[in-house]
Amino acid sequence: MTKKTVALKILKQYLIISAGCVLFSLGIALFLDANKIAAGGVSGLAILLSHITPFDMTGVWIIILNVPLFILGALSFGKAFVLSSLYATTVSSLLIELFNFLLKNYLPLTEDIIIAGAVGGVLVGVGMGLVFRMGSTTGGTDILVKFLRKKFRYLKTGVISLIIDTVIIGISAIFFKNFTLTFYTVLSLIITIVVMDWVIYGNESAKLLYIITDAEHASLLCEKILSLDISATCLDGEGAYTGDTKRIIMCAIKKMQYPKLCDYIHEIDPRAFTIVTSAKEIYGEGYKDHKDREL
């Protein structure tokens with residue numbers, strides 16, 4: 001890649017990270033922090049500390065708590081990761097303080113804990129998801145989550161976050177002594193996790209089809225499949241009972257295109273034996289990049 005291409009790529013990365021920081025900060029400052037909803041993570045711990053100590057600056061607490069985690073990040077993920085995460089953490093922390101200062105006479109925006117938890121959870125989830133998509137984090141337990149995700153790749157980001165955040169919510173419940181608030185904090189956390197995973201992994205659900213037909217029909221079906229701008233793999237097979245030669249077409253197709261392919265199958269070979277199953281994660285051309293496995 002040329003220097004210009006690399007520069008544009010980095011610029012795009014940091015613009016998206018910045019957008020994620022703004023959304024994350026709005027969710028924390030305007031909804032969660034303002035209503036004592038310590039919904040997990042270092043941000044949740046910072047919200048708790050800002051309310052139970054004389055030092056009422058959530059953004060500053062976030063920076064302080066991040067120091068040991070950035071050391072872990074530097075040792076595990078290298079300079080580029082630490083720089084982008086340091087940028088995201090600093091920007092989001094400063095924005096939290098800025099929003100708290102500018103809007104202090106209007107906070108909380110709502111005293112309805114359900115609305116505050118839901119809206120705050122969505123904003124934080126989208127913000128964190130955007131930052132994660134760019135290979136960075138908003139600091140805090142995000143770094144710990146990324147570290148554990150690297151070690152335990154069968155666990156998704158949201159699941160690891162849930163385990164860590166449950167502990168932090170438990171601590172906040174003890175200090176705030178408000179179990180109704182704790183219930184809504186958990187609700188907000190669940191919303192954050194669902195939204196974050198949706199932003200990171202996308203709506204990955206697709207259909208995986210095995211179409212068993214004869215060679216003549218297989219050729220026509222493949223033409224139709226390619227016309228949908230998707231690919232397929234053809235395998236040779238043999239009927240166990242008849243011994244006839246068969247062609248097996250295997251393809252992954254997005255849900256919106258699935259009905260059209262069904263029409264083609266019915267039109268070309270209504271007797272084709274078709275197995276349809278769900279494909280939750282697909283990597284390769286037209287779908288996710290293989291590097292997304294690390295998210």
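All values derive from a computational prediction rather than experimental measurement.

Below, the discussion takes up the packing of aromatic side chains. Under the definition given, this model contains three aromatic pairs. Summarising the aromatic geometry, the rings of Y14 and Y87 are spaced 5.1 Å apart at their centres and angled 70 degrees between planes, so their arrangement reads as edge-to-face. Separated by 73 residues along the polypeptide, Y14 in helix α1 (residues 3-32) and Y87 in helix α3 (residues 58-102) bring together distant segments of the chain. Assessed through its relative accessible area of 24%, Y14 is described here as partly exposed. When the ring of F55 is compared with that of W61, the centres are 5.9 Å apart and the planes differ by 75 degrees; the resulting orientation is edge-to-face. The class for W61 is buried, based on a relative accessible area of 16%. The aromatic ring of Y258 is capped on one face by K207, whose charged end is 5.5 Å from the ring centroid.

Counting 38 residues, the largest nonpolar core has F24, I28, L32, I37, I96 and V124 as its most contacted members. For this core, the secondary-structure elements that each account for two or more residues are α1, α2 (41-52), α3, α4 (113-133) and α7 (179-201). Here this core gets ten residues from one element, more than from any other, and that element is α3. Beyond its immediate chain neighbours, meaning those up to four positions away, F24 contacts S43, S92, I96, L123, V124, G127, M128 and T138.

Attention now moves to the packing of helix α8 (residues 215-227) against helix α9 (residues 258-268). Running from amino to carboxyl end, α8 crosses α9 at an angle of 155 degrees, the nearest separation of the two axes being 10 Å. The angle between α8 and α9 places the two elements in the roughly antiparallel class. Note on packing geometry: the crossing formed by α8 with α9 is right-handed. Contacts from H217, L220, L221, K224, I225 and S227 of α8 reach α9 at L261, Y264, I265 and I268.

Along the chain, the position of D269 falls in the loop between α9 and β4 (273-279). Buried and without a salt bridge, D269 has R271 as its closest oppositely charged side chain, separated by 6.1 Å.

A separate point is the pairing of strand β1 (residues 206-213). The sheet contact formed by β1 and strand β3 (residues 245-254) spans eight bridges and is antiparallel. Note that in β3 the partner of A206 across the bridge is K254. Strand direction decides the pairing type here: β1 and β4, joined by seven bridges, are antiparallel. For L208, the partnering residue across the bridge sits in β4 and is T277.

What counts as what
Residues numbered from 1 in each chain as written. Predicted model: local features only at pLDDT ≥ 70, side-chain atom pairs only at ≥ 80, totals over all residues. Heavy atoms only, no water. Phe/Tyr/Trp six-rings, centres within 6.5 Å; stacked < 30°, edge-to-face > 60°. Helix = DSSP H or I, 4+ residues; strand = E, 2+ residues; numbered from the N terminus. Buried < 20%, exposed > 50% of the residue type's maximum accessible area, 1.4 Å probe, protein only. Lys NZ or Arg CZ within 6 Å of the ring centre and 35° of its normal. Core = buried A, V, L, I, M, F, W, Y, C linked by side-chain atoms within 4.5 Å. Contact = heavy atoms within 4.5 Å. Axes fitted to C-alpha atoms, helices over the stretch in contact; angles between N-to-C directions. Parallel < 35°, antiparallel > 145°, perpendicular 65-115°, else oblique. Left-handed = near helix turned anticlockwise from the far one by under 90°. Lys, Arg positive; Asp, Glu negative; His and termini not counted. Salt bridge = Lys/Arg side-chain N within 4 Å of Asp/Glu carboxyl O. Pairing = 2+ DSSP bridges.

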